[in-house]
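Survey of secondary and tertiary structure
Spelled out, the chains give:
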Amino acid sequence: MIQSVLPHVRQQIQSWFTKAQKVTEPDEDLIGLPDTLLAELSQRLETLSSPLTYQTTIQEAIATRVATWQKNLEAANHVVILAHPVEAIAKILEDSFAHWENPPALEIVTPFPALHRPRNPLTLSQRIQKALQPYPHIHLNPSQEADHSLDVDALEERQTLIVIPCLEQCFLRSIGGWESVELLRDLMIQNPHCFWAIGCNHWAWDFLDFVCQVSAYFSEIQTLPKLDATLLEEWLNPITQTLVVPKFLSGEETEPTKTYWEALASQSSGVSQIATYLWLQSLRIKPDAVADDRVPSFNDPEMVLYETKPSLPSLPTLEPSDRYLLHSVLIHGSITRRHLALSLGESESQIQARVQWLLRADLLEAKQGGLSLQPSHYQKVVRELSNNNFFVGKV
């Protein structure tokens, strides 16, 4: 279930990094990081847990609602955690439970932690039912009424928390492609003795609300908070405190650290994945670090990284078909080429050329067999789609 923070370490990061330098003020005293340092730094980033404020927000949202649910028969038995499509919502949920020191007295069940859309998305309903079969206390017949659900004594049975890490992997935007979500919706309604924690991205939730009115059934929504300058600095501090020296390209030395993190929070809109990419892009080293055929390494005591002003990369000119493609990718979070073609009503061969172009332009990244948006382009892609009359929902 754990998703990599920066899965494409070498070619895609370096390619995007090189292009991103064009929108950053030049600094003749510093150069970009070589591949070896990017790879090593990316490995360190992958060891970071999700931002603490994300985890505490989720923990508090679940604990508060579970406490009410265990005391009130009519209380909602769910909470939906919404995040931006570029956030690793499944990993954030996993970290939240792993680091929860005082979780509710519940049996925490994750029936399909690594669920991905099968080749035939119409089999999703069967896969979901099969994943739930080992848990006899979950009623799998949506039409079956739980006779004890309105019995006050049933409150004592409310001891199960079911986690659905990534709801967008449970459907495909195609004919009949969201029947599995309707099945889950009915299962949650017919199992009030179980509490359901659901991770989902905003775009997927808005789409599902349009096609099957999920918000009419699930009113308990928790959105991940924005990360301000202090929170971003605290999150990345385990890496930055020993390696980085702030250096704004203007040469100003007045509170450079504070100024840098405020700029990073502003440019990233407080979204952790975007901030991580922009932070990598902003790093520089002195030319001496790679002079005389030296192999740069963080083991070198003289190796120092410099944080220069973070800046969003430019968005290349898009064709109309690119917008439809990117819109579908954002709804699904991560999607294979086959499923992307199905969602667009086209063949794989018809979309392949544009997919390759978007990959080379670093708007898309390929990881674990799926395509997803490169996070640093998120705000500008949203603006592009909105300006061309695409529904972008809550961003």
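From a predicted model like this one, the values you see are computed outputs, not experimental measurements.

Conventions adopted
- Residues numbered from 1 in each chain as written.
- Predicted model: local features only at pLDDT ≥ 70, side-chain atom pairs only at ≥ 80, totals over all residues.
- Heavy atoms only, no water.
- Helix = DSSP H or I, 4+ residues; strand = E, 2+ residues; numbered from the N terminus.
- Buried < 20%, exposed > 50% of the residue type's maximum accessible area, 1.4 Å probe, protein only.
- Contact = heavy atoms within 4.5 Å.
- Areas by Shrake-Rupley, 256 points an atom, 1.4 Å probe, with all protein chains shown as cover.
- Pairing = 2+ DSSP bridges.
- Axes fitted to C-alpha atoms, helices over the stretch in contact; angles between N-to-C directions.
- Core = buried A, V, L, I, M, F, W, Y, C linked by side-chain atoms within 4.5 Å.
- Salt bridge = Lys/Arg side-chain N within 4 Å of Asp/Glu carboxyl O.
- 1 Å grid on protein atoms, 1.4 Å probe; cavity = no way out; pocket = protein on both sides within 12 Å on 5 of 7 lines; lining within 4 Å.
- Points joined across faces, edges and corners; volume = space filled by probe spheres on them.
- Expected span 1.5 Å × (residues − 1).
- Parallel < 35°, antiparallel > 145°, perpendicular 65-115°, else oblique.
- Left-handed = near helix turned anticlockwise from the far one by under 90°.
- Phe/Tyr/Trp six-rings, centres within 6.5 Å; stacked < 30°, edge-to-face > 60°.
- Lys NZ or Arg CZ within 6 Å of the ring centre and 35° of its normal.
- pLDDT = per-residue confidence, 0-100.

To continue, consider the overall build of the protein chain. Across its full length, the protein chain carries 14 helices and 11 strands. Taken across its 395 residues, the protein chain has 54% of its residues classed as buried. The long-range share in the protein chain, meaning contacts at least 24 apart out of those at least 6 apart in sequence, stands at 79%. Accessible surface, the protein chain: about 17,700 Å² in total, of which carbon and sulfur atoms supply 49%.

This paragraph deals with the sheet that holds strand E6 (residues 221-223). Taken together, the five strands give an open sheet; going across it, the order is E3-E4-E5-E2-E6, and neighbouring strands pair in parallel fashion. In the strand order of this sheet, the two ends are held by strand E3 (107-109) and E6, each with one partner. Averaged over all adjacent pairs, the angle separating strand axes in this sheet is 20°, with direction ignored. When E3 meets strand E4 (residues 160-164), the two strands line up parallel, connected through three bridges. From the neighbouring strand, Glu-107 faces E4, where its bridge partner is Thr-160.

Core analysis: the largest hydrophobic core is formed by 112 residues, its most contacted members being Leu-41, Ile-62, Phe-112, Leu-167, Trp-279 and Leu-305. Ignoring sequence-local partners within four residues, the contact set of Trp-279 consists of Leu-41, Leu-45, Leu-236, Ile-239, Thr-240, Val-244, Tyr-260, Trp-261, Leu-264 and Glu-307.

Attention now moves to the pattern of salt bridges. In the structure shown here, the tally under the stated rule is eight salt bridges. A salt bridge links Arg-44 to Glu-40, with the nearest nitrogen and oxygen atoms 3.5 Å apart. Here Arg-44 pairs with Glu-40, and both are found in helix H2 (residues 35-46), just four residues apart, close to one helical turn. Note that Lys-367 is salt-bridged to Glu-365, the shortest N-O span being 3.4 Å. A cluster of three or more residues bridged by salt bridges with shared partners is formed by Glu-319, Asp-322 and Arg-354.

Okay, unusual backbone geometry next. The phi angle at Gln-368 is positive, at roughly 50°, despite the residue not being glycine. Tracing the backbone through its elements, the reader meets Gln-368 in the loop between strand E10 (364-367) and strand E11 (370-373). Of the residues examined, Gln-368 reaches a relative accessible area of 64% and is grouped as exposed. Here the phi dihedral of Asn-389 falls at roughly 70°; this positive angle occurs in a residue that is not glycine. Within the secondary structure, Asn-389 sits in the segment after helix H14 (378-387).

The next subject is empty space enclosed by the protein. In this approach a probe as big as a water molecule rolls over the atoms, and the regions it shows empty are the leftover space. On inspection of all chains with the given rule, the structure shows three cavities of 30 Å³ or more. Of the pockets and cavities examined, the second largest cavity occupies roughly 50 Å³. Contributing to the lining of the second largest cavity are Leu-167, Val-181, Leu-184, Arg-185, Met-188, Ile-198, Trp-205, Val-214 and Phe-218.

We now examine H2. In this model, H2 (12 residues) spans 16 Å end to end at C-alpha, consistent with the 16 Å of a helix rising 1.5 Å per residue. Considered for burial, the residues of H2 that qualify are Leu-37, Leu-38, Ala-39, Leu-41, Ser-42 and Leu-45.

Positionally, Thr-240 belongs in helix H8 (residues 229-243). Every residue in contact with Thr-240, bar those within four places of it in the chain, is listed here: Trp-261, Trp-279 and Glu-307.

Now for the pairing of strand E2 (residues 78-83). By the criterion of burial, E2 is predominantly enclosed, with six of the six residues buried. Of the two faces of E2, the one holding His-78, Val-80 and Leu-82 and the one holding Val-79, Ile-81 and Ala-83 are both buried throughout. With three bridges connecting them, E2 and E6 associate as parallel partners. Bridge assignment links Ile-81 to a residue of E6, and that residue is Gln-222.

Glancing now at the packing of helix H11 (residues 320-332) against helix H12 (residues 337-344). If you want to describe how two helices pack, look at the angle between their axes and the distance between the axes. For the pair H11 and H12, the least separation of the axes is 10 Å and the interaxial angle reads 115°. The angle between H11 and H12 falls in the class roughly perpendicular. At the point where H11 passes H12, the crossing takes the right-handed sense. Across the interface between the two elements, Tyr-324, Leu-325, Ser-328, Val-329 and His-332 of H11 pack against Leu-340, Ser-343 and Leu-344 of H12.

The tally for this structure, following the rule as stated, stands at eight aromatic pairs. Ring plane angle 70° and centroid distance 5.0 Å describe the contact between Tyr-324 and Phe-390, whose orientation is recorded as edge-to-face. Taken together, the residues Tyr-324 in helix H11 and Phe-390 in the segment after H14 connect sequence positions 66 residues apart. Accessibility expressed as a relative area gives 15% for Phe-390, which makes it buried. An aromatic cluster of at least three residues, connected via ring pairs, comprises Phe-171, Trp-178 and Phe-207. Here the basic side chain of Arg-185 rests over the ring of Tyr-217, its NZ or CZ set 4.7 Å away from the ring centre.

In this model, the protein chain carries an average pLDDT of 86, and 87% of its residues clear a pLDDT of 70 or more. Mean pLDDT values for the elements of the protein chain range from 39 in helix H1 (residues 11-20) up to 98 in E2. Counting contacts from residues 249-254, a segment whose pLDDT is below 50, to residues more than four positions away or on other chains yields six contacts.

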